[in-house]
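Observations on the three-dimensional arrangement
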Amino acid sequence: MSQSFDASQSLTALEQDNTIIAVIEMSKAKWLVAALVPGLKRQPLKKLDADAPALLKLLQRRRDEAGQAGHTVKRIAVAYEAAGDGFWLARWLRAHGIEAYAIHPSSVPVSREHRRAKTDRLDTELLMRAFLGWLRGEKRHCSMAAIPTLEEEDARRPNRERGTLVGEQTRLINRIKAISPASASAASG
């Protein structure tokens, strides 16, 4: 990658009195944003359309809320689970002066004792707990993915496209095989 990066812990000391900490549970159409805002007792939760400028406005609104509560925000840290092509958001947020991190999904500890409920709200709580631990420098909370540059991500694109095409080819072959015996028995009968 283009820069040295320690995935196991934050290299910047966490000062919660002047830091907004936010996590995003992302889907294709909607994002659920949870935040810890200095000076607010509640932990605001907001569902947005999948829109980066709307996310930026929300983070600025959270900064204003902290200011009204008497806290000057010096740092905004945002994290979300890494996905195939989701690194664009981290690059975009960083270009707008916001720390952005992509959490390795397999590094977030999940209770394996029983089936757990799976909702976006619960996922944001899990991500927040893991991200806070990582920001504090605590070991084994989660690990971050290094954000690739646009050129590095473009270099991966041919392999991703090939994987998609191979999967589509397999799906079509299986469909043809599933239809062939049925049509052969219908023609003979």
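Heads up: the structure comes first, above all this text.
Residues numbered from 1 in each chain as written. Predicted model: local features only at pLDDT ≥ 70, side-chain atom pairs only at ≥ 80, totals over all residues. Heavy atoms only, no water.

1. Re helix 1 (residues 52-68)
Worth spelling out the cut-off: Helix and strand definitions here come from DSSP, where helices need a minimum of 4 consecutive H or I residues and strands a minimum of 2 consecutive E residues; each element is numbered from the N-terminal end. Multiplying 1.5 Å by the residue count of a helix minus one yields the expected span of that helix. Exposure classes here rest on a 1.4 Å probe applied to the protein chains alone. A residue is buried below 20% of its type maximum, exposed above 50%, and partly exposed in between. Two residues form a contact once any of their heavy atoms are found within 4.5 Å.
Compared with the 24 Å implied by 1.5 Å per residue over 17 residues, the 25 Å span of helix 1 between its first and last C-alpha is a close match. Taken residue by residue, helix 1 has Ala-52, Leu-55, Leu-56, Leu-58, Leu-59, Arg-62, Glu-65 and Ala-66 as its buried positions. Considering only its buried residues, helix 1 is in contact with strand 1 (19-26), strand 2 (30-36), strand 3 (45-49), strand 4 (75-81) and helix 2 (87-95). In the segment just after helix 1, Gly-70 is the residue with positive phi, at about 90°.

2. A closer look at the nonpolar core
For clarity, the cut-off: Grouping buried Ala, Val, Leu, Ile, Met, Phe, Trp, Tyr and Cys residues that are joined through side-chain atoms within 4.5 Å yields what is termed a nonpolar core.
Among the nonpolar cores identified, the biggest contains 28 residues, and Ile-24, Leu-55, Leu-59, Val-78, Leu-89 and Leu-93 are the most heavily contacted of them. Contributions of two or more residues to this core are made by strand 1, strand 2, helix 1, strand 4, helix 2 and strand 5 (99-103). Considering each element in turn, this core owes the most residues, 6 residues, to helix 1. Ile-24 has contacts with Trp-31, Leu-32, Val-33, Leu-55, Val-78, Ala-79, Tyr-80, Glu-81, Leu-89 and Leu-127, leaving out every residue within four places of it along the chain. Residues Ala-77, Ile-103, Phe-131 and Trp-134 belong to the second largest nonpolar core, which totals 17 residues.

3. A short note on the packing of aromatic side chains
Heads up, the rule is: Aromatic contacts are taken between Phe, Tyr and Trp rings whose centres are within 6.5 Å, Trp giving its six-membered ring; a plane angle under 30 degrees counts as stacked, one over 60 as edge-to-face, and the others as tilted.
Per the counting criterion, the structure on display carries 4 aromatic pairs. Geometrically, the ring pair formed by Trp-31 and Trp-88 is tilted, given 6.4 Å between the ring centres and 40° between the ring planes. With a gap of 57 residues between them, Trp-31 in strand 2 and Trp-88 in helix 2 connect regions that are remote in the sequence. Residue classification places Trp-88 among the partly exposed positions, given a relative accessible area of 39%. Ring centres 5.9 Å apart and planes at 55° place the aromatic pair Tyr-101 and Phe-131 in the tilted group. Within this pair, whereas Tyr-101 is found in strand 5, its partner Phe-131 is found in helix 3 (residues 120-136), the two being separated by 30 residues in sequence. Pairwise contacts between aromatic rings join Tyr-101, Phe-131 and Trp-134 into one cluster.

Functional significance is not addressed by these values, which are geometric in nature.
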